[in-house]
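This is what each chain is made of:
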Amino acid sequence: MAGTLRLVRIRPSGLTSTSLAQTTANHLPIATSRKILCAAAIVAGALLLLPGGAGADEQRLEHADLFQAGRDLVFTVRTAKPLALAKLEARPDVRRPYTRYLCISFSADRPRSLRLLCLDGREPHRRVGFVVLDQNGKPLEKGSARATVKRPRPDKLVVAVEPGEAGLDPGDYEWVVLQSNGCNVPRRCIHTLPDGNTRSIRLRPVRAVGCTGGSTGLVTNGPRDRKVVALTFDDGPSDYTEDFLRVLREKDVPGTFFEVGQVMPGREDAMRQILAQGSELGDHTMDHVEYPGYAQIAGAAQRIEAYTHFKPCLFRPPGGAANAGVVATAGGLGMRTVTWDVDPQDWRTPGTEAIYANIVGHAQPGSIVLMHDGGGPRGETLAALPRIIDTLRGRGYRFATVTELLGGRILYRPYG
């Protein structure tokens with residue numbers, strides 16, 4: 001996938017969209033690895049039917065690369081001159097003249113439709129657009145996805161996006177870069193990379209395998225200078241866990257689940273789903289004992305890793321009971337000890353309204369909120385959770401896992 005890619009300009013010279021596609025197909029083997037060029041030619045050919053005028057190598061493509069890093073798909077592109085992101089269309093209709101875009105075109109096995117992942121001029125550092133085109137270049141589906149877009153130097157862009165958000169499932173793909181500078185003679189400003197062939201990429205499924213920041217220490221909250229809070233859930237997994245996950249999924253909020261080893265068997269799927277949603281698992285001892293020893297802490301961590309391939313970097317002592325020995329033991333196992341600064345005492349089942357009022361009344365920037373998804377009846381906490389999220393979000397708060405709140409990150413690795 002790596003390497004410098006040369007520019008190839010489509011030179012149709014009066015070809016119609018159909019003849020251009022046929023000509024391209026006639027000069028390429030009928031191999032899956034090249035079928036996407038036929039479809040790219042169809043898209044380009046559709047543009048040739050439109051009236052034209054001027055504009056050419058204004059921002060010529062020089063190099064492009066695409067690879068998978070953790071759970072992100074990373075696209076890098078270099079142009080002859082700095083690219084004006086604000087002028088780009090995130091979901092272009094490639095049949096229209098004067099349309100400016102820079103997209104990666106993906107094809108799985110047949111060129112009947114193309115999925116374009118495009119830079120977004122309106123939110124250039126936070127989102128990318130995507131559009132699915134039929135064989136005539138007509139948009140069939142449009143959307144957008146969260147992304148990170150960086151410009152390490154004026155002529156280079158680096159884009160990172162989760163494939164699933166852009167509608168790309170794990171599998172084998174062929175890709176090519178399409179760019180239009182928006183001139184009124186389309187054939188003068190349509191560029192593709194690479195030349196003469198496509199590049200292949202296999203998008204592999206990924207899973208969370210660990211996190212950064214696991215070191216000896218005790219924390220009760222995160223930084224107070226940012227309106228970010230962490231929602232945490234203890235004593236699971238339980239029969240309630242999947243319902244808690246449903247709420248978090250619907251609200252697009254991550255959580256941190258501190259799990260008890262003795263209740264994990266038979267609930268491995270729920271634990272894996274926690275990680276699949278972008279939430280996090282932490283160690284809560286094997287048997288929920290206070291002031292635990294090495295075996296209690298290590299046993300739960302080992303079981304989490306055995307069931308999910310995730311090595312936890314956070315430990316929560318039951319009841320918040322921690323001394324220097326507990327903190328040191330957890331730290332020796334690569335886990336930071338985490339308690340909380342907001343406790344609604346939901347384990348007492350004080351009622352949904354009391355749980356809600358306690359949390360929203362005491363949460364502040366950097367708060368770590370204690371709740372329970374296991375260890376007893378948790379319907380009251382579950383009922384309060386959607387309103388808690390909505391109220392805090394309405395006050396300008398964002399949500400993060402504890403690891404992210406403390407400045408770390410979840411680590412992902414492809415598999416399969």
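Residues numbered from 1 in each chain as written. Predicted model: local features only at pLDDT ≥ 70, side-chain atom pairs only at ≥ 80, totals over all residues. Heavy atoms only, no water.

### Some points on the overall build of the protein
Each helix and strand counted, the protein has nine helices and 21 strands in total. Within the protein, the proportion of its 416 residues that are buried is 50%. A separation of at least 24 residues holds for 72% of the contacts in the protein among residues at least 6 apart in sequence. Split by element, the accessible area of the protein, about 17,700 Å² in all, is 47% carbon and sulfur. (Helix = DSSP H or I, 4+ residues; strand = E, 2+ residues; numbered from the N terminus. Buried < 20%, exposed > 50% of the residue type's maximum accessible area, 1.4 Å probe, protein only. Contact = heavy atoms within 4.5 Å. Areas by Shrake-Rupley, 256 points an atom, 1.4 Å probe, with all protein chains shown as cover.)

### Overview of the environment of arginine 413
With respect to the helices and strands, arginine 413 occurs in strand E21 (residues 410–414). Classification of arginine 413 by relative accessible area gives exposed; the value is 53%. Expressed as a C-alpha distance, the spacing of arginine 413 and arginine 204, which sit 209 residues apart in the sequence, is 9.3 Å. Residue contacts for arginine 413: discarding those within four places in its chain leaves Pro205, Val206, Arg207 and Val209.

### Considerations on the state of the cysteines
Going through the model one piece at a time under the given rule, you end up with two disulfides. For cysteine 103, the disulfide goes to cysteine 118, at an S-S distance of 2.0 Å. Around the S-S axis, the bridge from cysteine 103 to cysteine 118 shows a dihedral of about 105° and counts as right-handed. You can see cysteine 103 sitting in strand E4 (residues 100–107) and its partner cysteine 118 sitting in strand E5 (residues 113–119), a full 15 residues away along the chain. On the basis of relative accessible area, cysteine 118 is assigned to the buried category, the value being 1%. With a sulfur-sulfur separation of 2.0 Å, cysteine 211 is cross-linked through a disulfide to cysteine 313. Torsion about the S-S bond of the cysteine 211 and cysteine 313 cystine: about -125°, corresponding to left-handed handedness. Residue cysteine 211 is located in strand E12 (residues 206–211), and its partner cysteine 313 is located in the loop between helix H5 (294–308) and strand E17 (314–315); the two are separated by 102 residues in the primary sequence. Across the pair, exposure class does not vary: cysteine 211 and cysteine 313 are buried alike. (Disulfide = S-S within 2.5 Å.)

### Some words on unusual backbone geometry
Most of the time, phi is negative for any residue but glycine, and the peptide bond is trans. Residue proline 237 is reached from glycine 236 by a cis peptide bond, and omega for that bond is 0°. As for its position among the elements, proline 237 is in the loop between strand E14 (228–236) and helix H3 (241–251). A positive phi angle, near 75°, is found at threonine 285, a position not held by glycine. Residue placement: threonine 285 occurs in the loop between strand E16 (280–283) and H5. Located in the positive-phi region is histidine 288, a residue other than glycine, with phi close to 60°. Here histidine 288 lies in the loop between E16 and H5.

### Structural notes on the layout of surface pockets
Within this model, the largest pocket holds a volume of roughly 1,700 Å³. For the largest pocket, the lining is made up of 50 residues, of which Arg71, Arg146, Glu162, Gly278 and Tyr412 are closest to its centre. Where the lining of the largest pocket is concerned, the elements lending two or more residues are strand E2 (61–69), strand E7 (139–153), strand E8 (156–161), E12, H3, helix H4 (268–276), strand E20 (398–399) and E21. (1 Å grid on protein atoms, 1.4 Å probe; cavity = no way out; pocket = protein on both sides within 12 Å on 5 of 7 lines; lining within 4 Å. Points joined across faces, edges and corners; volume = space filled by probe spheres on them.)

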